Amino acid sequence: DTAVSQTPKYLVTQMGNDKSIKCEQNLGHDTMYWYKQDSKKFLKIMFSYNNKELIINETVPNRFSPKSPDKAHLNLHINSLELGDSAVYFCASSQTWDEQFFGPGTRLTVL
Amino acid sequence: QKEVEQDPGPLSVPEGAIVSLNCTYSNSAFQYFMWYRQYSRKGPELLMYTYSSGNKEDGRFTAQVDKSSKYISLFIRDSQPSDSATYLCAMISSNDYKLSFGAGTTVTVRA
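Residues numbered from 1 in each chain as written. Chains lettered and ligands numbered in written order. Predicted model: local features only at pLDDT ≥ 70, side-chain atom pairs only at ≥ 80, totals over all residues. Heavy atoms only, no water.

## Let's talk about the side chain of Arg37(B)
Residues and elements named next belong to chain B.
Argument step 1. Within the fold, Arg37 resides in strand E4 (residues 30–38).
Argument step 2. Assessed through its relative accessible area of 16%, Arg37 is described here as buried.
Argument step 3. Polar side-chain contacts of Arg37 include one of 3.5 Å to the side chain of Tyr39.
Argument step 4. Sequence-distant contacts of Arg37, that is, excluding residues within four places in its chain, are made with Gly43, Pro44, Glu45, Leu47, Phe61, Ala85, Thr86 and Tyr87. (Helix = DSSP H or I, 4+ residues; strand = E, 2+ residues; numbered from the N terminus. Buried < 20%, exposed > 50% of the residue type's maximum accessible area, 1.4 Å probe, protein only. Polar contact = N/O pair within 3.5 Å; in protein donor to acceptor, adjacent residues only side chain to side chain. Contact = heavy atoms within 4.5 Å.)

Structure below.
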């Protein structure tokens, strides 16, 4: 009965590679988000989609591209991975603007 | 300067103590204030939410907002080892409804 799920949970890869992280929510929410949490636990929004439309696009390198095939899924593709991309990436969803439900996170390590 | 400032700690208290956490902010457009709790290697989960100045209680937790001073607090009474987690303050601007997080304070309650 997982509400927001992400795959994979851990991702270890070499610099320069391309990788994707998948997110699915079964809460019926209209809005989904991607956040990046750095090593100091600072959580920062990257993107937000509402009903498959991009509504928030923070200052993120264009190597990061979100894709929402339907309102229950929001995937994150990262091209040409860099050392500084190492972080925990969280997906979240919400129906209203107040409470967001977070997934378990994907721990990305770039070597 | 970050829009939301939060002392990352860490904070270590004995079981039964009162835990006091706080955040300051600079953006006057922040109108909605939340506290999220994040256990190690998990996603954040909403603990408390308020939008007005004053106090809000929920069991052992009290959230306090002082909009005139741009200062919010979270108090945990009779703290338990199970309260050991990182506590993140978060705020939503009435302009864009984006969630802005503080850096998080890591709390350890010693048995």
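So much for the structure itself; the text now carries on.
## A few points about the state of the cysteines
A disulfide bridge is the covalent bond that connects two cysteines by way of their sulfur atoms.
Residues and elements named next belong to chain A.
Argument step 1. In total, this model carries two disulfides over all chains according to the counting rule given.
Argument step 2. Shown here is the disulfide that connects Cys23 with Cys91, its sulfur atoms set 1.9 Å apart. Its S-S torsion of about -75 degrees marks the bond between Cys23 and Cys91 as left-handed, since a negative value means left-handed. With Cys23 in strand E3 (residues 19–25) and Cys91 in strand E9 (residues 87–94), this pair connects stretches of sequence that are 68 residues apart. Neither Cys23 nor Cys91 differs from the other in exposure class; each is buried. (Disulfide = S-S within 2.5 Å.)

## What to know about a positive patch on the surface
Argument step 1. A cluster of basic residues, Lys9(A), Arg107(A), Arg41(B) and Lys42(B), forms a positive patch on the protein surface.
Argument step 2. The topology assignment puts Lys42(B) in the loop between E4 and strand E5 (45–50).
Argument step 3. Judged by its relative accessible area of 47%, Lys42(B) is partly exposed. (Patch = residues over 30% accessible without salt bridge, like charges linked within 9 Å, V, L, I, M, F, W, Y side chains within 5 Å. Areas by Shrake-Rupley, 256 points an atom, 1.4 Å probe, with all protein chains shown as cover. Salt bridge = Lys/Arg side-chain N within 4 Å of Asp/Glu carboxyl O. Lys, Arg positive; Asp, Glu negative; His and termini not counted. Charge placed at Lys NZ, Arg CZ, Asp CG, Glu CD.)

## Describing the packing of aromatic side chains
Argument step 1. Evaluation of the coordinates by the stated rule reveals 10 aromatic pairs over all chains.
Argument step 2. Centre to centre, the rings of Tyr35(A) and Phe101(B) are 5.8 Å apart; their planes meet at 85 degrees, and the pair counts as edge-to-face. Of this pair, Tyr35(A) sits in strand E4 (residues 31–37) while Phe101(B) is found in strand E10 (residues 99–101), placing the two residues in two different chains.
Argument step 3. Each ring, one from Phe90(A) and one from Phe102(A), has its centre 6.4 Å from the other, and the planes form 80 degrees; the classification is edge-to-face. One end of the pair, Phe90(A), is in strand E9; the other, Phe102(A), is in strand E10 (residues 101–102), and 12 residues separate them in sequence.
Argument step 4. Taking the relative accessible area as the measure of exposure, Phe90(A) reaches 2% and is therefore buried.
Argument step 5. Taken together, the ring pairs connect Tyr33(A), Tyr35(A), Phe90(A), Phe102(A), Tyr36(B) and Phe101(B) into an aromatic cluster. (Phe/Tyr/Trp six-rings, centres within 6.5 Å; stacked < 30°, edge-to-face > 60°.)

## Examining the interface of chain A and chain B
Argument step 1. Taken together, the contact between chain A and chain B spans 19 residues of the former and 20 residues of the latter.
Argument step 2. The largest contributions to the chain A side of the interface with chain B come from Lys41(A), Phe42(A) and Trp97(A), which together make up 33% of the buried area.
Argument step 3. The tally of links between chain A and chain B comes to one salt bridge.
Argument step 4. The shortest N-O distance in the salt bridge between Glu58(A) and Lys98(B) comes to 2.6 Å. (Buried area = accessible area lost by both parts, 1.4 Å probe.)

## A short note on the pairing of strand E7 (residues 61–66) of chain B
Residues and elements named next belong to chain B.
Argument step 1. Direction of pairing for strand E6 (residues 54–58) relative to E7: antiparallel, over a ladder of five bridges. The residue of E7 that forms the bridge with Gly54 is Val65.
Argument step 2. Hairpin connection between E6 and E7: a loop of two residues separates the two successive antiparallel strands, and Gly59 in this loop has a positive phi of roughly 65 degrees.
Argument step 3. Relative to strand E8 (residues 71–76), E7 is paired through six bridges, and the arrangement is antiparallel. If you follow Phe61 over to E8, its bridge partner there is Ile76.
Argument step 4. What sits between the antiparallel neighbours E7 and E8 is a turn of four residues, in which Lys70 has the positive phi angle 55 degrees. (Pairing = 2+ DSSP bridges.)

## A few points about unusual backbone geometry
Across the chain, the bulk of peptide bonds are trans and the bulk of non-glycine residues have phi less than zero.
Argument step 1. Residue Pro8(A) is reached from Thr7(A) by a cis peptide bond, and omega for that bond is -5 degrees.
Argument step 2. Looking at where Pro8(A) falls in the secondary structure, it is placed in the loop between strand E1 (4–7) and strand E2 (10–13).
Argument step 3. Between Gly9(B) and the following residue, Pro10(B), the backbone shows a cis peptide bond with an omega angle of 10 degrees.
Argument step 4. In this fold, Pro10(B) is placed in the loop between strand E1 (4–6) and strand E2 (11–14).

## A look at the side chain of Ser100(B)
Residues and elements named next belong to chain B.
Argument step 1. In this fold, Ser100 is placed in strand E10.
Argument step 2. Residue classification places Ser100 among the buried residues on the basis of a relative accessible area of 17%.
Argument step 3. In this structure, Ser100 is in contact with Glu3, Val4, Phe30, Cys89, Ala90 and Met91, ignoring residues within four places of it in sequence.

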